[in-house]
Each structure stands twice: as structure tokens, then as C-alpha cells.
Amino acid sequence: MDLEQAAGFVLEEGKRYGIDSFDLIATDSEDIGIEVFKGRIVSTETSRSRGVGIRVLNNSRPGYSYSERFSKEALSQMVRDAMDQTEITDPLDMELPGPKPLAEVDLKHYNPALEKLDFAWMREQGLTLDHASWESDKRVENVPHVGVGKSSTQSLIANSKGIFVKKESNVAYLGTGLVVAEGDIKKMGSYYRSGRDISQFDPSYIAKEAAHRGTELLGAKPLPSGVYTIILGNRISPQIFGMFSSPYFADAVQKGSSRLVGKLGNEVASPILSIYCEAHTPDYPGSRLVDAEGIPTSARTKVLENGVLKSYLYNLESAKKDNVSPTGHGVRSYSGRAGTSFSNMIVPLGNKTREELLSSDSHCILVTKLEGGAGCSAVSGEISIGIQGIYYKNGKPEHAVDRITMNTNYFDLLHKIQGISNEYSDSYSSIKVPDILISEIHVAG
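Here goes a summary of the coordinates provided. Being a predicted model, the structure only gives us computed values, none of them experimental.

Procedures and definitions
Residue positions within a chain follow its written sequence, with the count starting from 1. Totals for whole chains, interfaces and linings use all residues, but because this is a predicted model, local features are given only for residues with pLDDT of at least 70 and pairs of side-chain atoms are given and counted only at 80 or more. No hydrogens and no water enter the side-chain calculation; it runs on all heavy atoms of the structure. For this analysis, a salt bridge means a side-chain nitrogen from Lys or Arg found within 4 Å of a carboxyl oxygen belonging to Asp or Glu. Put simply, DSSP marks the helices as runs of H or I at least four residues long and the strands as runs of E at least two long, and each gets a number from the N terminus on. Accessibility here uses a 1.4 Å probe with only protein chains present; expressed as a share of the type maximum, an area under 20% marks a residue as buried, one over 50% as exposed, and anything in between as partly exposed. Only buried residues count toward a nonpolar core, which is a set of Ala, Val, Leu, Ile, Met, Phe, Trp, Tyr and Cys residues joined through side-chain atoms within 4.5 Å. Note on contacts: a residue pair qualifies if any of its non-hydrogen atoms lie within 4.5 Å across the two residues. Expected span of a helix, by definition, is 1.5 Å for each gap between consecutive residues, and there is one gap fewer than residues. Counted as a polar contact is a pair of N or O atoms within 3.5 Å, where, for protein atoms, one must be capable of donating a hydrogen and the other of accepting one, and residues adjacent in sequence contribute only when both atoms are in side chains. Within 6.5 Å between ring centres, the rings of Phe, Tyr and Trp (the latter by its six-membered ring) count as paired, and their orientation is classed by plane angle as stacked under 30 degrees, edge-to-face over 60, tilted in between. Both a distance and an angle decide whether a charge sits over a ring: NZ of Lys or CZ of Arg must be within 6 Å of the ring centre and within 35 degrees of the ring normal. Here the axes come from fitting lines to C-alpha atoms, over the contacting stretch only for helices, and the angles between their N-to-C directions go from 0 to 180 degrees. Throughout, the term roughly parallel applies to angles under 35 degrees, roughly antiparallel to angles over 145, roughly perpendicular to angles from 65 to 115, and oblique to all others. Handedness of a crossing follows from how the near helix is turned relative to the far one, being left-handed for an anticlockwise turn of less than a right angle and right-handed for a clockwise one. Gly is put with the polar residues, along with every residue not named as nonpolar or charged; the nonpolar set is Ala, Val, Leu, Ile, Met, Phe, Trp, Tyr, Cys and Pro, and the charged set is Asp, Glu, Lys and Arg. The criterion for strand pairing is that DSSP finds at least two bridges linking the strands in question.

### Examining the pattern of salt bridges
Using the criterion set out here, one finds 19 salt bridges in the structure. Two residues, Arg-332 and Asp-23, come together in a salt bridge whose shortest N-O distance is 3.4 Å. One end of the pair, Arg-332, is in the loop between strand 11 (330-331) and strand 12 (339-340); the other, Asp-23, is in strand 1 (residues 21-37), with 309 residues separating them in the sequence. On the basis of relative accessibility, which here comes to 9%, the residue Arg-332 falls in the buried class. For Asp-23, a relative accessible area of 4% corresponds to the buried category. For Lys-108, the salt bridge identified is with Asp-106, shortest N-O distance 3.8 Å. We classify Lys-108 as partly exposed; its relative accessible area is 46%. Judged by relative accessible area, which is 53%, Asp-106 ranks as exposed. If you follow the salt bridges from partner to partner, you end up with Asp-23, Arg-55, Glu-293 and Arg-332 in one network.

Shown next, in the form of C-alpha cells:
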């Protein structure tokens, strides 16, 4: 059976067993890629994964099960297993939605031309990028990773109320990671391009950008411990904001694992900061017309606006608990339970260039690389993370820095934001945050 046939069979089985209410999510994805090392193809990979998962509500009692086999026997057993669970679970106060009109927006998630890309194309691109990586800078000592590939996914959401929505998406990628050296100092630089427009895949540019990201950190040394103005570069700011997305989820608030409990309508950040969830932006990986529970999404959900907390993000269950409408932010894999997520997390562009931000303080650290995240907690907000970057004095670069640690708290950091640049990174990402200027950050040297 294909994806639609499997979903249709499960819907019929649910009706045959007389289940009160149920929904399902199904996905079928394929990944193809190669790795190149020193002018040779060192690995090729073709993988496929597919599965269908059901959530049953029988007398309001939930049951979950999934199958990665699409035979009638396996899918029927999946339905029975979910039904069996409903005998022991506690009632869940939640109602599944019926079909509603979806926005007429082309999200540009699928490019048929990508399906024609084969191993011959990957080989050509990979060998060209490998050669360009070695030639990108005389300080390149090794090129341990060159990768080329593509992935395609079909997904489907359906329920007993009549929802049946299918989506196709695909994406290709090309990137390199290289080691540069100067004396005894070695640094790693990497750069990937992902997306659906392969005309943007320029191996020479990719190699030079990866080399730049490594060489700019050569000669790095630590700074004395102290309080500094920090600029999170637009490659790094999405990582920090992404680590702390869960405090905005209603289910985290309801469980007491968010410091934003009771903060709706309050100022929780600098007045120049806004955070939006924008689900209808074409060619963004997080865009979607309907969430994983069948709720239509909105073009924009204002989470933070001018520093004021405007909304939590809700799925069906958390919305019912607060007696509000779901916001269309339910997520679920076929093998898991429903959760919450941003569609695309967007911090609007500011009106200053990065150079203007760097000139705003006599001493400033531009952060271009993070080292791990074990010292960060979305519950408490604590941030203790190694950083690398460039130290600026009076707006001019002095030297690269490493072996220093940024110590702060995310919820304090939000209030210390003093500037936002007018440029995003060019990464294919569902989190878009410009360069962020933050004052009075403790740095341990």
C-alpha cells in the first residue's frame, strides 16, 4: 500500500471497530546522499522510512500506536493495540476538529526538478566541492567532510471527522567542513547550502565561505573575565533562540516548566524585540497550512511584540485546558504523542547594519561559534556556554577569541537587547534571527 491507501484503510478500520474519535499521521521519506574525501566517494547512502500512527479517543480515553509496515494485518493490529490502551488511560478532555478551509498559499515546498538529481549529479558536485575546498585557502590542512544529497517526504494528516490533508516536500544540500591551521592552532570551518534552488549551489563560494569561517578564528586567544557587550552573529542567534523556544509553549506553562507562567500581557523583553510565528512564508521549512492535529495555521501569530508577551502557542490538549482556541501549533510524528512547536520562529529585522552594532560600544565580542549546550536550560533559562568569535575595539576587529564562556540567563538576556541588525543569515532554517546586540554579559576567560 502507498501512503494514501494505508491512511484510507486505517480510517475504515477505525469506523469498523466503532471508535468514537481518532486521528492519524503518516509519513514516507527517502534520503539519498554521498560523502567525498580526498577526491574519492567514500560512502553512499539510500534510506527510506515510513510509518503511520493513530491516536484513538474512546470515551475520551486516549490510546496510541503506530506501524512501519503497511500491510492490512499490521495496520489492523495497530488499531486494536491503540484501542486496548484506552482501557487503562485517564480521560483526555479534547475534541478533534472537522475540516475547515485552508489558506490558498503556495508554500513552495516541492520542486519536481529535484527528483531528477541522481548519483551522477551528486558525484560531480561532490568532487568539484572537494577540489574547491582544498584550493580555497593555503591554510587548509584537511577536508574531512564533503556531503551532497537530497531528501523527499510525503506526509498525511487525517481523522474520523473528515480531515484528509496530504503534503509533499523535498530539499537538496551541498556542504563542506574543513580544517585550517596556522602554527599549532587548528580551527574548523563548515558551510552548507540547502534548499530547492540548486542554481544557488556554487561549490567555489561554499568552499570559500567554509574556509573563511575557519580562518577568521586563527590566532584566537581568551579575554580577561569581565562584563562585555556581546553581539550574537546571525548564524548564532537562531541557535540561542531555538534552545529557548519551549517556554512559549502552553503545555510547558501548564506544567510549571516555563518562567513565563502568568506573564501574558507583561513586558518580558526589550521593547525593540518581537518574536512572531509565521506559518505561511513560502520556501521556509517550518511553513504549513495545517498543523499535525488538523488545525489551520495563521499567517502570523504574535508571541512577543515590542517586548510584551502576547500569546502562548497551543495544541488541542493545552488549548482545552485553558479554554481557548488552539493556535495551530500542534506537532506529532507517527511514532509519538502530540506536542507543540513554532512553525517558523521569526525575529523581525532591525534598522542597523552589523557594522553599526559593532561600533556602538568601545569593547565588543562578535560571537560566531558556540561550543556545546550542556550548560543551557530552557526551564531555568540558565546559559553557560563556550563561545568563539572576534573581539572588537572601537568598532575595529582586534583579534579572534576562544576559550571563554558566556554566563547569563535567557530571560535576563531578553531585557538587555540593545540593537537588532537588518540582515538574516542565508541558512535554510525555520528560525530567522538577525544579529543581536546585548549589553552587560558576564564572560569568563
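### Looking at the nonpolar core
The nonpolar side chains of a soluble globular protein tend to be buried, and buried together. Phe-241, Tyr-248, Leu-273, Ile-275 and Ile-365 are the most contacted members of the largest nonpolar core, which totals 52 residues. Residues within four places of Tyr-248 in sequence aside, it is in contact with Leu-260, Ile-275, Val-303, Leu-304, Leu-309, Tyr-312, Leu-313, Phe-342, Tyr-410 and Leu-414. Ranked by size, the runner-up nonpolar core spans 24 residues in total, among them Val-36, Leu-117, Val-148 and Tyr-191.

### As for unusual backbone geometry
Not every positive phi belongs to a glycine, and Lys-38 is a case in point at roughly 50°. If you trace the backbone, Lys-38 turns up in the loop between strand 1 and strand 2 (40-58). Phi at Asn-306 takes a positive value of approximately 50°, unusual for a residue other than glycine. Locating Asn-306 in the fold gives a position in the loop between strand 9 (301-305) and strand 10 (308-309). Classification of Asn-306 as partly exposed rests on a relative accessible area of 47%.

### Considering helix 4 (residues 203-215)
In this model, helix 4 (13 residues) spans 18 Å end to end at C-alpha, consistent with the 18 Å of a helix rising 1.5 Å per residue. Residues of helix 4 that are buried sit in contact with helix 3 (119-135), strand 5 (164-182) and strand 6 (185-195). Put simply, Asp-202 is the residue that caps the front of helix 4, since its side-chain oxygen is 3.0 Å from the backbone nitrogen of Ser-204.

### Here's the deal with the packing of aromatic side chains
In total, this model carries 8 aromatic pairs according to the counting rule given. Taken together through their ring pairs, the aromatic side chains of Phe-241, Phe-244, Tyr-410 and Phe-411 make up a single cluster. Here the basic side chain of Arg-16 rests over the ring of Tyr-17, its NZ or CZ set 4.8 Å away from the ring centre. When the ring centre of Phe-70 is taken as origin, the NZ or CZ atom of Arg-50, which lies over that ring, is 4.1 Å away.

### A short note on the packing of helix 1 (residues 3-16) against helix 2 (residues 72-85)
The contact between helix 1 and helix 2 brings their axes to 10 Å, and the two run at 45°. Looking at the two axes, helix 1 sits oblique to helix 2. Classified by chirality, the crossing of helix 2 by helix 1 is right-handed. Within the contact between the two elements, helix 1 uses Ala-6, Phe-9, Val-10, Glu-13 and Arg-16 and helix 2 uses Lys-72, Leu-75, Ser-76, Met-78 and Val-79. When its residues are assigned to classes, the contact of helix 1 with helix 2 shows 6 nonpolar, 1 polar and 3 charged.

### Section: the sheet that holds strand 9
Taken together, the 5 strands give an open sheet; going across it, the order is 10-9-8-13-18, and neighbouring strands pair in mixed fashion. On the outer flanks of this sheet lie strand 10 and strand 18 (431-432), each paired with one strand and no other. Of the strand pairs in this sheet, strand 8 (residues 275-277) and strand 13 (residues 345-346) are connected by 2 bridges, and their pairing is antiparallel. Considered in strand 13, the bridge of Cys-277 is made with Met-345.

### Let's talk about the pairing of strand 15 (residues 382-393)
Among the 12 residues in strand 15, 9 count as buried, and that is most of the element. Across 8 bridges, strand 14 (residues 363-371) lies against strand 15 in antiparallel orientation. Across the sheet, residue Val-367 finds its bridge partner in strand 15, namely Gly-389. Here 11 bridges tie strand 15 to strand 16 (residues 396-409), and the two strands are oriented antiparallel to one another.

### Examining the pairing of strand 6
In terms of strand pairing, strand 5 meets strand 6 through 11 bridges, oriented antiparallel. The residue of strand 6 that forms the bridge with Leu-178 is Gly-189. Where strand 5 folds back onto strand 6 in an antiparallel hairpin, the turn is made up of 2 residues, including Gly-183, whose phi is positive at roughly 65°.

### As for the sheet that holds strand 1
Taken in spatial order, the 6 strands of this open sheet run 3-2-1-4-5-6, and their pairing is antiparallel. The open sheet has two edge strands with one neighbour each: strand 3 (61-67) and strand 6. With direction set aside, neighbouring strand axes in the sheet form an average angle of 20°. As judged from the 17 bridges shared by strand 1 and strand 2, these two strands associate in the antiparallel manner. Bridge pairing links Gly-33 to Glu-45 in strand 2. Contacting strand 1, strand 2, strand 4 (140-159) and strand 5, helix 3 runs over the sheet at an angle of about 145° to strand 4. The strands that helix 4 touches are strand 5 and strand 6; relative to strand 6, the one it contacts most, it runs at about 145°.

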